[in-house]
Amino acid sequence: MSAIGFIGVGNMGGPMARNVIAKGHRVRVFDLDAAALDRAVKAGAEAAHSPVELARGVECVVTMLPAGKQVREVYLGASGLLQNTNPDIYFIDSSTIDIDSARVVGAAAAEAGFDMIDAPVSGGVAGAEAASLTFMVGGPDAAFARARPILEAMGKTIIHAGPSGSGQAAKICNNMILGVSMIAVSEAFVLAEKLGLDRAKLFEIASKSSGQCWSLTSYCPVPGLVPAAPANRGFAPGFTAAMMLKDLMLAQDAASGAGAAAALGAHAAELYEAFARSGQGAKDFSGIINMIREG
Ligand code: NAD
């Protein structure tokens, strides 16, 4: 049994911490939101009052925070982890953040003598609850080897992508594919409706043809075809359109920084921005089909 700390126990961090408890580890948690903290305590975690207090007596801290700003603050701030804890513990940042922040925090951790990986996830809340997340990892080999048993308590597929920041690079490339493919699948179903083609027939054919993709067969944006898809429950998330927009913007920033062409990624970002601006940001990202249907 190890003692593991979690900072950020919201929609993702909460169930991830519960799975670590279920594997027999002691878990300490910190979150700015009292309700999130309370849920984690009810699931068997111990509450801490600050990141530094949390880090005392644990061997690993997992952070699952909204964006780079919070990750920089928790690690690099004056009362942050790097300045105020001993380098015998190691860090796993599973938040989805900009590559720059991941590299800056990873380099500062290494400089201070800590093992650290960036390990963003794919699989959403359902994957977090089922301990079936995919972890894409950036960081040194030794840090990856040390963190692996804890990642295995929360996920099924764990891939070391390269040095610090590579996990975030993999995550935004993956989610750019996802954002673009969800729009493509939505456009195809709306076109089929207008052409009088039965949606179940399109699903049956495309899922066995070259249009097959995750957005179609695991997360179909029309109801009645994939039981677990948010389309069957009024597009309650799942993965919100606001988060998809965040990831597409991270991909655009990375693409312009690297001089890579990403025209469809840019257009997907514009469409998700319009969808979020129309008040639908808290809906599941597959709900974009409704905006496409309205033209
Ligand atoms: P969330 O908003 O539910 O949880 C984030 C938690 O962090 C909140 O409880 C918040 O109070 C806490 N927090 C914020 N700033 C803090 C600070 N300075 N100190 C301590 N706690 C702080 O978000 P989520 O859905 O759990 O997402 C977390 C991360 O996981 C994001 O980076 C997101 O992009 C990524 N992600 C989410 C999903 C998903 O489907 N929800 C899927 C993959 C990746």
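Residues numbered from 1 in each chain as written. Predicted model: local features only at pLDDT ≥ 70, side-chain atom pairs only at ≥ 80, totals over all residues. Heavy atoms only, no water.

A. Region of the structure containing the site of the ligand. In the vicinity of the ligand there are 26 residues, among which N11, M12, D31, L65 and K246 approach most closely. Taking M12, its main chain carries an N or O atom lying 2.8 Å from an oxygen atom of the ligand. Measuring from an oxygen atom of the ligand, one finds a backbone N or O atom of P66 at 3.1 Å. Taken by itself the ligand offers 840 Å² of open surface, and the protein chains cover 88% of this. Residue assignment for the shell around the ligand shows that the elements contributing at least two residues are α4 (68-76), α7 (124-129) and α12 (241-258). Tallied by class, the residues present in the shell around the ligand amount to 13 nonpolar, 8 polar and 5 charged. Per-domain counts for the shell around the ligand show at least three residues from each of domain 1 (3-163) and domain 2 (169-294). (Near = heavy atom within 4 Å. Polar contact = N/O pair within 3.5 Å; in protein donor to acceptor, adjacent residues only side chain to side chain. Areas by Shrake-Rupley, 256 points an atom, 1.4 Å probe, with all protein chains shown as cover. Helix = DSSP H or I, 4+ residues; strand = E, 2+ residues; numbered from the N terminus. Nonpolar A, V, L, I, M, F, W, Y, C, P; charged D, E, K, R; others polar. Domains from an automatic or database assignment.)

B. Main features of helix α9 (residues 166-195). Relative to the 44 Å expected for 30 residues at 1.5 Å per residue, α9 spans 43 Å between its end C-alpha atoms, a close match to the ideal helical length. A positive backbone phi angle near 75° is found at G196, which sits one or two residues after α9. (Expected span 1.5 Å × (residues − 1).)

C. Spotlight on the domain arrangement of the protein. Examined at the domain level, the protein breaks down into domain 1 (3-163) and domain 2 (169-294). A straight line from the C-alpha centre of domain 1 to that of domain 2 covers 28 Å. Across the boundary between the two partners, domain 1 contributes 11 residues, which contact 10 residues of domain 2. Buried area between domain 1 and domain 2, summed over both chains or domains, comes out near 770 Å², and the portion from carbon and sulfur atoms is 69%. The largest per-residue losses of area from domain 1 upon contact with domain 2 belong to T96, I99 and M136, which jointly make up 54% of the total buried on that side. For the pair domain 1 and domain 2, the number of links is 0 salt bridges. Residues that form the side of domain 1 that touches domain 2 fall into these classes: 8 nonpolar, 2 polar and 1 charged. (Contact = heavy atoms within 4.5 Å. Buried area = accessible area lost by both parts, 1.4 Å probe. Salt bridge = Lys/Arg side-chain N within 4 Å of Asp/Glu carboxyl O.)

D. Broad picture of unusual backbone geometry. The omega torsion of the bond from P237 to G238 falls at 10°, within 30 degrees of zero and hence cis. The residue G238 is located in the loop between α11 (214-217) and α12 in this model. With phi around 55°, A131 is a residue other than glycine that occupies positive phi space. The residue A131 is located in the loop between α7 and β8 (133-138) in this model. What makes A131 buried here is its relative accessible area of 12%. The backbone of F235 sits at a positive phi, close to 65°, despite the residue not being glycine. By secondary structure assignment, the location of F235 is in the loop between α11 and α12. (Buried < 20%, exposed > 50% of the residue type's maximum accessible area, 1.4 Å probe, protein only.)

E. Geometry of the packing of α9 against helix α10 (residues 199-206). Contact geometry of α9 with α10 gives a least axis separation of 9 Å together with a crossing angle of 135°. Taken together, the axes of α9 and α10 are oblique relative to one another. When you trace α9 past α10, the crossing you get is right-handed. Together, A188, F189, A192 and E193 of α9 and R199, L202 and F203 of α10 make up the contact between the two elements. (Axes fitted to C-alpha atoms, helices over the stretch in contact; angles between N-to-C directions. Parallel < 35°, antiparallel > 145°, perpendicular 65-115°, else oblique. Left-handed = near helix turned anticlockwise from the far one by under 90°.)

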